[in-house]
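Okay, here's what each chain looks like letter by letter:
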Amino acid sequence: MALIFACMKIRLLLLCTTLLQTAAQAQFFELKKTYTGSHYAFSRYDPSGLNRFVVGFNETWKSDLKEGFAQYKGGELGLTFTTSGFRVIFGNREDFKWTASTDYAFGFGKDKNRAEFNNGVEQLMEIRCSKNQINTTFGVALKESKVWLEGYLSTNLAKVLIQYTTIYPNGNESYGSEYKLNGLYRGTMKTTEFGLQVSYKRKKYVFYTRAMYPIIVLGPNKEERNFVDKQNGHEDPTDFPSNYGYYLNNPSAYVSENGQLKSSDFKGLSFGFGLLYLFGKAK
Amino acid sequence: MKAKLAIVGLCVAALLACNKEKRKMKGLVGNWTIEQSERAIIYSDGSEDIYDDISDAGTVVISENPDDESGETNLFTFDYRGYGNDTMSIKGILSTDEKKRRLVFENALCDSGNYCNVIWTVDKSKKNKQVWSAYGVDSTFFYPSNKFNPGSADNWLMWRITLKRQR
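Predicted, not measured: the structure shown is a model, and the values here were computed from it. (Residues numbered from 1 in each chain as written. Chains lettered and ligands numbered in written order. Predicted model: local features only at pLDDT ≥ 70, side-chain atom pairs only at ≥ 80, totals over all residues.)

**Student:** Hey, could you run me through the overall build of chain B in this one?
**Tutor:** On a plain count of helices and strands, chain B comes out with two helices and ten strands. Listing every helix and strand of chain B by position from the N terminus yields α-α-β-β-β-β-β-β-β-β-β-β. In chain B, the share of contacts with a sequence separation of at least 24, taken over all contacts with a separation of at least 6, comes to 39%. (Helix = DSSP H or I, 4+ residues; strand = E, 2+ residues; numbered from the N terminus. Contact = placed C-beta atoms within 7 Å.)

Set out below in C-alpha cells:
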C-alpha cells in the first residue's frame, strides 16, 4: 500500500512538472487553462459477495434477530468527486480543434447497513469507498470549441473500508475484540478505466457527463484482493467473510475454502455528471 | 501566474493528504493520568450499573517508537491501579487504524500470538483529554468465549477510562 501511495506521489509530482512546463508555452493554443470542480458518479459494483454474507448472517441468527441486514443492490456507493487539472484546446482550423486534459480527482462515498437483535444490540456495517484518480482525456472540440467529445483514460486507486461495529443498548459503539467480527477491514483495487466524456463550455463554466469502465486490474495480486483487519486480535485468518456459514463452522479455513469477501467485487461501470470552473479570463 | 499558483497549491494539498495518517498519531504522545476508571454492566434496556468507579487510577505514558521509521506506531506504558490487587501494568507497542477509532495495545495480554491485543474504542479524542472503552460479555473482558453471537446475551461489561494530559 505504501508503495502504491509512493507511486501516486511521484506521478503527482510529474503531473505538476508537466503542467507547469505546459503553462509556460502559449502559441497556437486557443485555450490553456487550469480548472477545478466536482462531480457525482453513480458507481456500480458486484453485490453478490456482500449479499452472501448478509443472507448467511440473517439466516444463522434469525431466531435472535429483530431485523436483519438489508441486501445490497450494487448501486449504493455513489461517490462525490472533487477534481483539479489542466486543459488545452489547439489546432489551426476554425470549425474543428483538438482538446486534451489531465487532472487529479478524489471521490468518496459510503453506505450504512444495520441488523438489530431482540436483546437491543445492533450490528453496524458501514462501507466507505474512496477513489484517487489520475485522468487523461483526448478528443475534439466542436461548435466554436464549446462542445468537447473525448475518450477518457483513468488510473484509479480505490480503497474500500468495511467498518463493522457492535452498538450496545446504551448507545455505545464498540470496535473491540469481544465479538470477532468487530473491526475495520481494508481492501484495495487499482484499475485502469476507459470511458467517454462529453462537455459543454459556457463562459468560465464547463458542464460535463462521463461514463467509464475498468479494463485492466493493475493490483493487488489476486490472493491479496481481500478485506483484512490485521489488528483484530483473533486467530488468523481475519478476513471479512462472504460465506458466513464457513466462517462460523471453520474459522481457520474459510479463506482457503474461498469464503472471504473479495475486493475485486468493488469495480464496475460508473457514470456521472459535474461542473468545472476555468481559472483566468473567459474566452 | 495565478494558474501556476493554483496548480502548485492543489498538488501540495494532495501530497499532504497522503501523509494525514502519520501526523495524527503524534497527538497521543505524552504523559497521561487515568483521571477516572469506570466499570459497568450494560443491560438490554440501555441502563448502566456502575460497579467500580475509581479516580486517579494510574498513568499512561505514550512515546514515539524509535524502531518504527514509518511513524505508524508508538510505545506505551499502561499502569492501572484499581482496588486491592486489581492492577494492570503492561507496556509495548501502540497502534491505531486509519480512522483513529480504535487503539491497540499489541500483545499486551501475552507475549505474542492470538487473543493478545488489548483493543480500546476511542469515544473521545481531544488534545488534553481522551476517553477509551473496552467491552466484554459473560463476565469476561476483551476475549469472551461467546465471540460470534451478540444476540445471545442479556447484559454486557463495559470498562471506560478517562485520561487527562499531565502538565
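**Student:** Mind showing me how you'd approach unusual backbone geometry here?
**Tutor:** Note on backbone geometry: most residues besides glycine have negative phi, and most peptide bonds are trans. Residue A:P220 follows A:G219 across a cis peptide bond; omega there is 0°. Structurally, the position occupied by A:P220 is in the loop between strand 9 (205-219) and helix 3 (244-249). With a phi close to 55°, B:D138 is a non-glycine residue in the positive phi region. Tracing the backbone through its elements, the reader meets B:D138 in the loop between strand 8 (129-137) and strand 9 (140-141). The phi dihedral of B:S139 falls on the positive side, at around 65°, and the residue is not glycine. Structurally, B:S139 is set in the loop between strand 8 and strand 9. Classification of B:S139 as exposed rests on a count of 9 C-beta atoms within 10 Å. (Buried ≥ 20, exposed ≤ 12 C-beta atoms within 10 Å, placed from the backbone.)

**Student:** In this structure, what is going on with the pairing of strand 5 (residues 122-142) of chain A? I would like to understand it.
**Tutor:** Residue and element names in this part refer to chain A. In the sheet, strand 4 (residues 97-117) pairs with strand 5 via 20 bridges, with the strands oriented antiparallel. Its bridge partner being in strand 5, A115 is matched across the sheet by Q123. Adjacent in sequence and paired antiparallel, strand 4 and strand 5 are bridged by four residues, among which G120 carries a positive phi angle near 95°. Relative to strand 6 (residues 147-167), strand 5 runs antiparallel, the two being bridged by 21 bridges. Each bridged residue has a counterpart across the sheet, and for T137 the counterpart in strand 6 is Y152. Counted along the chain from strand 5 to the antiparallel partner strand 6, the turn is four residues long, and its residue K143 has a positive phi close to 50°. (Pairing = 2+ DSSP bridges.)

**Student:** Could you clarify how one ought to interpret the interface of chain B and chain A in this entry?
**Tutor:** You'll often see interface size given as the accessible area lost when the parts meet. At the junction of the two partners, chain B supplies 47 residues and chain A supplies 43 residues. Counting residues per element, the side of chain B that touches chain A draws most heavily on helix 1 (residues 2-18) of chain B, at eleven residues. Its residues assigned to classes, the side of chain B that touches chain A shows 26 nonpolar, eleven polar and ten charged. (Nonpolar A, V, L, I, M, F, W, Y, C, P; charged D, E, K, R; others polar.)

**Student:** Which parts of the structure should I look at to understand the environment of A:L276?
**Tutor:** All names here are of chain A. Counting through the fold element by element, L276 comes out in strand 10 (residues 270-278). You can call L276 buried: it has 23 C-beta atoms within 10 Å. Here L276 is in contact with Y35, T36, G37, Y205, V206 and Y208, once residues within four sequence places are set aside.

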